[in-house]
There are 2 protein chains.
Amino acid sequence: MRIIEGGGVTAPSGYRAAGIQTGVKESGAKDLALVYSTRPANAAAVYTTNKVQGAPIAIDREHLADGKARAVILNSGNANVCNGDVGLEHARRMCALTASELGLQTEEVLVCSTGLIGVPLPIAKIEAGIPQIVAALSEDGGATAAEAIMTTDTVPKSCAVEVELEAGRAVVGAMAKGAAMIAPNMATMLAVVTTDAAVPSGPLQELLSQAIQRTFNCITVDGDMSTSDTVILIANGDGAELGDRDCARLYEGIEYACRQMAQAIARDAEGSSKLITIAVRGAATEAEARQVGIAVANSSLVKTAAFGNDPNWGRILCAMGYAGVDFDPERARVSLCGTDIYGNGAGLDFDGDKLSAAMQAEKMAIDIDLAMGAATAEIFTCDLTYEYVRLNAEYTT
Amino acid sequence: MRIIEGGGVTAPSGYRAAGIQTGVKESGAKDLALVYSTRPANAAAVYTTNKVQGAPIAIDREHLADGKARAVILNSGNANVCNGDVGLEHARRMCALTASELGLQTEEVLVCSTGLIGVPLPIAKIEAGIPQIVAALSEDGGATAAEAIMTTDTVPKSCAVEVELEAGRAVVGAMAKGAAMIAPNMATMLAVVTTDAAVPSGPLQELLSQAIQRTFNCITVDGDMSTSDTVILIANGDGAELGDRDCARLYEGIEYACRQMAQAIARDAEGSSKLITIAVRGAATEAEARQVGIAVANSSLVKTAAFGNDPNWGRILCAMGYAGVDFDPERARVSLCGTDIYGNGAGLDFDGDKLSAAMQAEKMAIDIDLAMGAATAEIFTCDLTYEYVRLNAEYTT
């Protein structure tokens, strides 16, 4: 596996992308992105499980019924959620106009929106922008596309990786925007992953679902789950065909790209001061490992302790205890920034000042051994800070 | 039902209580409480479901195996959690010495501890205090007992209520301490409920379990669940025998006392600026109503919006959506401080400034109609403030 520095969704062969400004965002920042495959492609997607879902998700489900898609049109600044039939119509029009400009069928285009909820999309601005963005498509447009999907993200998020296959090489590229939470919307996690490998749509969905389980589903900022979260994977077969043993190699590339994007989202979460990695081992199953890690990651007490550089093993143990997973507290072990802090049913001796100093770094590691089995999981989150409260409370209508 | 102003655990007939200072708390505040029934009594208890549990819970399970108990000895300042066999021995010694001073069997005494975790109990101080507290027992000692179980609570929490039964009257009294969360321990919710009604231990456990489901299990401060949460109900039969239809009337009294205590805990949560009541109606089942209310109550985004007086229906709807309960977002309705803010699948017109002003009160009401059935639930929580972050982050070892 070889990392392609500065790569993104246009790193794989046969993709074009662009990002432009249409005025949906009042700030004047870029707010419309397009990713396009120059040839027919298979596609798969995973959506939020929230009962309340944005209009784009309903349209994408329709358009992906045949497992094929060649373009994704994405806007930031407005999530097109809770707008009723008008929202559905707007999402359809975005696909239809993009298809018409690209010479595709409407069903070959997917749509994503992120930003304010409950406010109708300024569809005229977007429709005026679509011919422009199609004209702007380019082989190195991945970076501007990644920029145009940002909302409260502070940095654009892209990556690409090359994997060796039996019959040659395949490239996987990705862009994402973050789960930063800011008034008045709940923010959205969006990602588009592209590859030039040739993968039938059934296996493609399996690859994506498995990778998401181990990457995007392992990050949590504050436990809130957006109404618009969507990850789309497109495989256009412009590169190598998959040999018999290539699925696992391609999977590695997809999981790598998804993990890079997931970590970048956790690191860039609104108001966070550090990335927290929670590695759980010794679990009976991977699902249980994830469940324990997520409980610890979502604990406001653990997250404030992390902010305060407080090596508080009691809060970690407490969150493990209510995760709903069976384990023996007498056998479990916890370490923080590489220092053992809990074991044999009690706190261990450690130098609190030294450990507190180590916690001040940008990255903080919590390692948990459940001593129940051999399964593992890695969860990414951030700390809970004054800035989080400020950003999410300081909103006036 | 008649509220007894200023009443507490000694309001029912045949109870004595006291609260004293033994030095477990370095501040010099009261830290040992005792509640005692002058006659044999039945008792029931409900404990935390956390996998990690304090030593007192293990001892209480043993002592309550026969459904009988006459006294509860409680200390604050140290939770006696994660202290291994020494912790169990200390909890046993607290019961044994209290029993010996009161002329009871050790099994007739229950024990609760709240405060620091992972630090051995200063058992000598407590043992020195037990003869003193037994000597201090009095018929109006409920108030000082409630004071002695406080940790970071800012006010003691007691109440009492009288219910009319067929054969006369029964009184229910209660005291509790809060789920305030402060470094370096996770805090504990403890409550003792007393009644002079005569109730066999089986029905007593049912009454308590049902009341807790509707009261203490309907409050949440930050979703964290302590290792020591315990609610004990004692019925000494010093008052009226229960007639055939009296169980429901007594239940009302018990539920009332538990709800008063639960609300007092939510209102007094560390760093909170307001009490939030989330009333869910139109649910298919009471459990689903509670599940939706708890999801909204635990949402950091809803809690920061409440702190910022931001009438953000999107965050409420979003939390409802990931609660894991089936409902139709097109039919659900949400109102805030009595103003309808969401319905028919979209935000409704409302005066944002006026509503934001209404949210500045000490109490804030969120009303949710799921439009799925007739079941209801009421959940109590508080907002997420700078002060919460400060209290939980500003700890140095």
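Residues numbered from 1 in each chain as written. Chains lettered and ligands numbered in written order. Predicted model: local features only at pLDDT ≥ 70, side-chain atom pairs only at ≥ 80, totals over all residues. Heavy atoms only, no water.

Colleague: What is the right way to read the overall build of chain A from this model?
Modeller: Looking only at helices and strands, chain A has 11 helices and 16 strands in total. Its C-alpha atoms give chain A a radius of gyration of 22 Å, within 12% of the compact-globule value 21 Å for 397 residues. A principal-axis box enclosing the C-alpha atoms of chain A has dimensions of 70 × 60 × 35 Å. Counting over 397 residues, chain A shows a buried share of 62%. Contacts in chain A between residues far apart in sequence, at least 24 positions, make up 80% of those at least 6 positions apart. Taken together, the 30 basic and 49 acidic charged side chains of chain A have centroids lying 1 Å from each other. (Helix = DSSP H or I, 4+ residues; strand = E, 2+ residues; numbered from the N terminus. Rg over C-alpha atoms; globule rule 2.2 N^0.38 Å. Buried < 20%, exposed > 50% of the residue type's maximum accessible area, 1.4 Å probe, protein only. Contact = heavy atoms within 4.5 Å. Lys, Arg positive; Asp, Glu negative; His and termini not counted. Charge placed at Lys NZ, Arg CZ, Asp CG, Glu CD.)

Colleague: I keep staring at the sheet that holds strand β16 (residues 375-382) of chain B and nothing clicks. Help me out?
Modeller: Picture the strands of a sheet paired through backbone hydrogen bonds; they go either parallel or antiparallel. Residues and elements named next belong to chain B. Strand order in the open sheet formed by six strands is β14-β13-β12-β15-β11-β16, with mixed pairing between adjacent strands. The open sheet terminates on both sides in strands that have one partner only, identified here as β14 (346-347) and β16. Judged from the four bridges that link them, strand β12 (residues 333-336) and strand β15 (residues 363-369) form a sheet pairing that is antiparallel. By the bridge assignment, Arg333 is partnered in β15 with Asp369. Contacting β11 (275-283), β15 and β16, helix α7 (residues 286-298) runs over the sheet at an angle of about 25° to β16. Contacting β12, β13 (339-343), β14 and β15, helix α9 (residues 313-321) crosses the sheet at an angle of about 55° to β13. (Pairing = 2+ DSSP bridges. Axes fitted to C-alpha atoms, helices over the stretch in contact; angles between N-to-C directions.)

Colleague: Honestly, the side chain of Thr381 of chain B in this entry has me stumped. Any pointers?
Modeller: Structurally, Thr381 of chain B is set in strand β16. For Thr381 of chain B, the side chain forms a polar contact with the side chain of Lys303 of chain B, separated by 2.8 Å. (Polar contact = N/O pair within 3.5 Å; in protein donor to acceptor, adjacent residues only side chain to side chain.)

Colleague: Sorry if this is basic, but what is going on with the packing of helix α8 (residues 300-307) of chain A against helix α11 (residues 386-393) of chain B here?
Modeller: Packed helices, taken two at a time, are described by their axes: the angle between them and the distance between them. α11 of chain B packs onto α8 of chain A with a crossing angle of 70° between their chain directions and a minimal axis gap of 8 Å. With respect to their mutual orientation, α8 of chain A and α11 of chain B come out roughly perpendicular. Where α8 of chain A approaches α11 of chain B, its residues Ser300, Leu301, Thr304, Ala305 and Phe307 of chain A are matched on the opposing element by Tyr388, Val389, Asn392 and Ala393 of chain B. Classifying every residue of the contact of α8 of chain A with α11 of chain B by side-chain character gives six nonpolar, three polar and no charged. (Parallel < 35°, antiparallel > 145°, perpendicular 65-115°, else oblique. Nonpolar A, V, L, I, M, F, W, Y, C, P; charged D, E, K, R; others polar.)

Colleague: I keep staring at the sheet that holds strand β1 (residues 2-3) of chain B and nothing clicks. Help me out?
Modeller: Residues and elements named next belong to chain B. Here six strands make up an open sheet; going across it, the order is β1-β7-β8-β9-β10-β4 and the pairing mixed. Taken across any chain shown, the strands that pair with only one partner, and hence form the sheet edges, are β1 and β4 (42-47). Pairing between strand β9 (residues 190-195) and strand β10 (residues 230-235): six bridges, direction parallel. By the bridge assignment for β10, Leu190 is matched with Thr230. Packing of helix α6 (residues 246-267) onto the sheet brings it into contact with β1, β7 (157-165), β8 (168-177), β9 and β10, and relative to β7 it is tilted by some 165°.

Colleague: Any chance you could explain the pattern of salt bridges here in plain terms?
Modeller: Close approach of charged atoms lets side chains of opposite charge pair. Inspection of the entire model under this criterion finds 40 salt bridges over all chains. The closest approach of N and O atoms between Glu162 of chain B and Arg169 of chain B, which form a salt bridge, is 3.6 Å. Looking at Glu162 of chain B, the relative accessible area reads 10%, which means it is buried. The partner of Glu164 of chain B in a salt bridge is Arg169 of chain B, and the shortest N-O contact between them spans 3.4 Å. Assessed through its relative accessible area of 46%, Glu164 of chain B is described here as partly exposed. Each of Arg214, Glu255, Arg259, Glu286 and Arg290 of chain A takes part in one network of salt bridges that share partners. (Salt bridge = Lys/Arg side-chain N within 4 Å of Asp/Glu carboxyl O.)

Colleague: Honestly, α9 of chain B in this entry has me stumped. Any pointers?
Modeller: In an α-helix there are 3.6 residues to a turn, and that puts residues three or four apart on one side. The buried fraction of α9 of chain B is high, at nine of nine residues. Those residues of α9 of chain B lying buried are Trp313, Gly314, Arg315, Ile316, Leu317, Cys318, Ala319, Met320 and Gly321 of chain B.

Colleague: Would you take a moment to explain the packing of aromatic side chains for this structure?
Modeller: Describing an aromatic ring pair means giving the distance of the ring centres and the angle of the ring planes. Counted by the stated rule, this structure contains five aromatic pairs over all chains. Ring centres 6.4 Å apart and planes at 45° place the aromatic pair Tyr386 of chain A and Tyr386 of chain B in the tilted group. Highlighted residues: Tyr386 of chain A in helix α11 (residues 386-393) and Tyr386 of chain B in helix α11, drawn from two different chains. Residue classification places Tyr386 of chain A among the partly exposed positions, given a relative accessible area of 28%. (Phe/Tyr/Trp six-rings, centres within 6.5 Å; stacked < 30°, edge-to-face > 60°.)

Colleague: Help me understand the environment of Arg61 of chain A in this model?
Modeller: All names here are of chain A. Within the secondary structure layout, Arg61 lies in helix α1 (residues 55-63). Sequence spacing of Arg61 and Glu252 is 191 residues, and the spatial spacing of their C-alpha atoms is 26 Å. Leave out the neighbours within four places in its chain, and Arg61 touches Tyr47, Thr48 and Gln53.

Colleague: What exactly am I supposed to notice about the packing of helix α2 (residues 84-102) of chain A against helix α3 (residues 123-136) of chain A here?
Modeller: Residues and elements named next belong to chain A. Two elements in contact, α2 and α3, have axes separated by 9 Å at closest approach and are oriented at 20°. Here α3 runs roughly parallel to α2, going by the angle between their axes. Relative to α3, α2 is oriented so that their crossing is right-handed. Together, His90, Arg93, Met94, Leu97, Thr98, Glu101 and Leu102 of α2 and Ile123, Ile126, Glu127, Ile130, Pro131 and Val134 of α3 make up the contact between the two elements. A per-class count over the contact of α2 with α3 returns eight nonpolar, two polar and three charged. (Left-handed = near helix turned anticlockwise from the far one by under 90°.)

Colleague: Explain the side chain of Lys274 of chain B here, please?
Modeller: Residues and elements named next belong to chain B. For Lys274, the location among the structural elements is in the loop between α6 and β11. The side chain of Lys274 is buried and forms no salt bridge, while Asp383, the nearest opposite charge, is found at 4.8 Å. A polar atom in the side chain of Lys274 sits 2.7 Å from the backbone oxygen of Met359. With residues near it in sequence (within four places) discarded, Lys274 still touches Ala306, Phe307, Asn309, Met359, Gln360, Ala361, Glu362, Met364, Thr381, Cys382 and Asp383.

Colleague: Quick question: what am I supposed to make of unusual backbone geometry here?
Modeller: Residues other than glycine predominantly adopt negative phi, and peptide bonds predominantly adopt the trans conformation. All names here are of chain B. One non-glycine residue, Asn80, lies in the positive phi region at around 50°. Take Asn80: it is sitting in the loop between β5 (71-78) and α2 (84-102). Even without being a glycine, Asn344 presents a positive backbone phi close to 55°. On the secondary structure map, Asn344 appears in the loop between β13 and β14. What makes Asn344 exposed here is its relative accessible area of 57%.

Just distances and angles here, no functional claims.
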